[in-house]
Amino acid sequence: MISIIAYKIKKYIDENINSKITLDLISYHLAYSKGHINRIFNKEFNMSPIVYYNNQRLELSIKYLLEKRNAKERELLYNSLLADVISSFLPVVDNLEKA
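A few points on the structure. Everything quoted here is computed from the prediction, not taken from an experiment. (Residues numbered from 1 in each chain as written. Predicted model: local features only at pLDDT ≥ 70, side-chain atom pairs only at ≥ 80, totals over all residues. Heavy atoms only, no water.)

Topic: helix α1 (residues 4–15)
So, point 1. With twelve residues, α1 extends 16 Å between its outermost C-alpha atoms, agreeing within 8% with the 16 Å of an ideal straight helix rising 1.5 Å per residue.
So, point 2. What α1 keeps buried is the set I5, A6, I9, Y12 and I13. Projected onto a plane normal to the axis of α1, the buried residues spread over an arc of 125° and lie on a single side. For α1, exposure combined with an orientation more than 90 degrees from the buried face picks out I4 and E15. (Helix = DSSP H or I, 4+ residues; strand = E, 2+ residues; numbered from the N terminus. Expected span 1.5 Å × (residues − 1). Buried < 20%, exposed > 50% of the residue type's maximum accessible area, 1.4 Å probe, protein only. Arc of directions from axis to C-beta.)

Here is the structure:
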């Protein structure tokens, strides 16, 4: 059975998928520490809330991309998706370079 806290985290992400979400925002809106949020979500879903958020955004973007028939709309969505993916991985790359 899924924990209530994990459910609240997932629900918050799902309901705000079209907004920029950070661990700080989730922590603020649900009134739990970032560490607690990460631990609970990882335990239930085997991934961090931010990885879940990025996966959901990627799936949504691909879905929209496939539905668009106009080449210009596809190009705009592709560029937006690419920018989101790159920006989500830049902190990871920075941390690897510092290590």
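There is more to say after this.
Considerations on the packing of α1 against helix α3 (residues 34–45)
So, point 1. Across the interface, α1 lies against α3 with an axial gap of 9 Å and an inter-helix angle of 95°. Looking at the two axes, α1 sits roughly perpendicular to α3. Residues I5, A6, I9 and K10 of α1 touch α3, and the partners they reach there are H36, I37, I40, F41, E44 and F45. (Axes fitted to C-alpha atoms, helices over the stretch in contact; angles between N-to-C directions. Parallel < 35°, antiparallel > 145°, perpendicular 65-115°, else oblique. Contact = heavy atoms within 4.5 Å.)

Quick notes on the pattern of salt bridges
So, point 1. Throughout the structure, instances matching the rule amount to three salt bridges.
So, point 2. We note a salt bridge from E15 to K11, for which the minimum N-O separation is 3.7 Å. Highlighted residues: E15 and K11, both in helix α1, separated by four residues, approximately one helical turn.
So, point 3. When its relative accessible area of 56% is taken as the criterion, E15 is described as exposed.
So, point 4. K34 is the partner of D24 in a salt bridge, and the nearest nitrogen-oxygen pair spans 2.9 Å. Placement of the pair is D24 in helix α2 (residues 23–30) and K34 in helix α3, with a sequence separation of ten residues.
So, point 5. D24 sits in the partly exposed class, given a relative accessible area of 48%.
So, point 6. Exposure remark for K34: the relative accessible area of 39% places this residue in the partly exposed category. (Salt bridge = Lys/Arg side-chain N within 4 Å of Asp/Glu carboxyl O.)

Note that all results are geometric; they support no functional claim without further evidence.
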